[in-house]
Amino acid sequence: MTVTHPKGFRASGVAAGLKPTGNLDVALVVNDGPDFTAAGVFTGNRVKAAPVLWSQQVLKGGIVRAVVLNSGGANACTGSQGFRDTHATAEHTAAVLRGGPKPQLIGAGDVAVCSTGLIGELLPMDKLLPGVSNAAKALDNDGGARAAEAIMTTDTVAKNAVVQGEGWSVGGMAKGAGMLAPALATMLVVITTDASADNEVLDAALREATRLTFDRIDADGCMSTNDTVLLLASGASDVQPTPEELTAAVTEVCHDLAQQLIADAEGATKHVAIEVKGAASEADAVEVGRTVAGNNLVKTALFGNDPNWGRILAAVGTTQARFEPDRVDVAINDVWICKGGAAAEDRSKVDLSGRDVTITINLREGEMEATIWTTDLSHAYVHENSAYSS
């Protein structure tokens, strides 16, 4: 139930010694075709890691035959040497795949590279390149689960998803547990499909899916340097779904993975859905949801099981969205504790003892709505991110 579920893909995950724990840390995903179309979406951070800069160039060619990923080092803010190391990784990957048991017609420009881990340090190439060689030897039609494990950093579980179509499918794997913020949530994601689709269709499907899923989760308001989401199509099913069918399936996989990311967010004790309704525009709904999601006073109140609607309303008031303060309603877990911008039902009726929390905000300005997913802010989050050099 991962990237190797669709036909035409092999994957692997190996331990190359990049992580001091000895856990899996190098992953390889290979598209055996017959198609090699692809699309990608990358971080909006102006500080971009070397592998992001490389992979953006690869995607301009419209063909991705392999993706090599490593955890244990982000290769970000590493200057020209970091970019040369990324290029060398792609060159080495192409070389070992050309000489493998299933020889690939592949060059460095067909290989996307993804890295995750500590920012500011060069990768140990004497470990990474042999790891890539071992990953190539370990490629398997059932290797997706190990690949998903190999890209984990502070994740507590591997993240995989599959959607089955009529004779075709979409699979995906993701990593991410911290620095989850809009444009894009911090993560590495590889999505595969055995459907036949050209680059334009893939790009449109991925951007729409990302807009509605990964771009609407926010754990801590921090944007990474390495965010990468790739969509690869093999065409091995010999089925060409409509663009709408493909977009729906990709969106479903992305939503599944996004929910797994937010559920595994560092130190989280609450999984929070912020539903903004009655907005004048979708942009207003998204802005309000993101603002509330990123408000530390709201997040700490949720950690303390405090249904503090005043903090929510105050956060809404910092936005440029169209609304009248004396018309806004707020509910927490379906208890409308604020009506018309003032106290309503008894806040003691709100049960925050469980993990799942829904905050509903009705702006009463229109018919548009959007949902943003976030977490609380806990002692464990502070501890993990003060003890972990990031």
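Below you will find a few notes about this structure. From a predicted model like this one, the values you see are computed outputs, not experimental measurements. For every chain, the first residue of the written sequence is number 1, and numbering continues from 1 along that sequence. Thresholds applied to this predicted model are a pLDDT of at least 70 for local features of residues and 80 or more for the giving and counting of side-chain atom pairs; totals over whole chains, interfaces and linings are not thresholded and use all residues. As a rule here, side-chain values come from all non-hydrogen atoms in the structure, and water together with hydrogens is ignored.

1. A look at the nonpolar core
In terms of nonpolar packing, the biggest core is built from 52 residues, with Val67, Leu69 and Met173 touching the most fellow members. Within the second largest apolar cluster, 35 residues are counted, among which are Val41, Ala174, Val189 and Ala233. Nonpolar cores were defined as sets of buried Ala, Val, Leu, Ile, Met, Phe, Trp, Tyr and Cys residues, with membership established by side-chain atoms within 4.5 Å. Accessibility here uses a 1.4 Å probe with only protein chains present; expressed as a share of the type maximum, an area under 20% marks a residue as buried, one over 50% as exposed, and anything in between as partly exposed.

2. A short note on the packing of aromatic side chains
In summary, the pairing rule links any two rings of Phe, Tyr or Trp, Trp by its six-membered ring, whose centres are within 6.5 Å, and it sorts them by plane angle into stacked for under 30 degrees, edge-to-face for over 60 and tilted for everything else. Applying the stated criterion across every chain yields a total of one aromatic pair. A ring has a charge above it when a Lys NZ or an Arg CZ is no more than 6 Å from the ring centre and no more than 35 degrees off the ring normal. Sitting over the face of the ring of Phe36, Arg65 holds its NZ or CZ atom 4.0 Å from the ring centroid. Cation over ring: Lys339 sits above Trp336, and NZ or CZ is 4.8 Å from the ring centre.

3. A look at the layout of surface pockets
Of the two site types, the cavity is a set of points on a 1 Å grid over the protein atoms alone where a 1.4 Å probe fits but cannot get out, and the pocket is an open set with protein on both sides within 12 Å along at least five of seven lines, each lined by residues with an atom within 4 Å of a point. Grid points are joined across faces, edges and corners, and a volume is the space filled by probe spheres set on the points. Of the volumes computed, that of the second largest pocket is approximately 180 Å³. Around the second largest pocket sit Leu18, Lys19, Pro20, Thr21, Asn23, Leu24, Gly72, Glu149, Met152 and Thr153, which together line it. Charged means Asp, Glu, Lys or Arg here, nonpolar means Ala, Val, Leu, Ile, Met, Phe, Trp, Tyr, Cys or Pro, and polar covers whatever is left, Gly included. Of the residues that constitute the lining of the second largest pocket, the class distribution is four nonpolar, four polar and two charged.

4. As for unusual backbone geometry
Residues Gly33 and Pro34 are joined by a peptide bond in cis, for which omega reads 20°. Phi is positive for Cys77, which is not a glycine, with a value near 60°. Within the secondary structure layout, Cys77 lies in the loop between β4 (66-70) and α2 (79-98). A positive phi is found at Asp238, a non-glycine position, where the angle reads about 60°. The helix count covers DSSP runs of H or I at least four residues long, the strand count covers runs of E at least two residues long, and both are numbered beginning at the N terminus. Mapped onto the elements of the fold, Asp238 is located in the loop between β10 (228-233) and α6 (243-263).

5. Remarks on the sheet that holds strand β5 (residues 111-115)
Reading across the sheet, the four strands line up as β1-β2-β4-β5 and stay open at both edges, with mixed pairing between neighbours. Looking at the sheet topology across the chains shown, the edges are occupied by β1 (9-14) and β5. On average, each strand axis in the sheet is inclined to that of its neighbour by 10°, with strand direction left out of account. Pairing of strand β2 (residues 26-31) with β4 involves five bridges; the strand directions are antiparallel. Each bridged residue has a counterpart across the sheet, and for Val30 the counterpart in β4 is Ala66. Its contacts with the sheet place α2 against β2, β4 and β5, and it is angled at close to 130° to β5. Only heavy atoms enter the contact rule, under which two residues are in contact if any of them lie within 4.5 Å. For every element, the axis is a line fit to its C-alpha atoms; helices are fit only across the contacting stretch, and the angle between N-to-C directions ranges from 0 to 180 degrees. Across the face of the sheet, helix α3 (residues 125-137) comes into contact with β1, β2 and β4 while running at roughly 45° to β2. DSSP calls a pair of strands paired once it identifies at least 2 bridges connecting them.

6. Comments concerning helix α9 (residues 309-316)
Taken together, the buried positions of α9 are occupied by Trp309, Ile312, Leu313, Ala315 and Val316. For α9, the angular spread of buried residues about the axis comes to 160°, placing them on one side. Among the structural elements, α7 (282-293), α8 (296-303), β12 (329-332), β13 (335-339), β14 (342-343) and β15 (356-362) are those in contact with the buried residues of α9. To be clear, the arc concerns the directions from the helix axis to the C-beta atoms.

7. Things to note about the packing of α7 against α9
Running from N to C, α7 and α9 cross one another at 130°; their axes reach a closest spacing of 9 Å. Taken together, the axes of α7 and α9 lie oblique to each other. For the pair α7 and α9, the crossing hand works out as right-handed. Residues Val288, Thr291 and Val292 of α7 pack against Ile312, Ala315 and Val316 of α9. Considering only residue class, the contact of α7 with α9 consists of five nonpolar, one polar and no charged. The labels follow the angle: roughly parallel below 35 degrees, roughly antiparallel above 145, roughly perpendicular from 65 to 115, and oblique for the rest. For a crossing to be left-handed, the near helix must be turned anticlockwise from the far one by less than a right angle; the clockwise case is right-handed.

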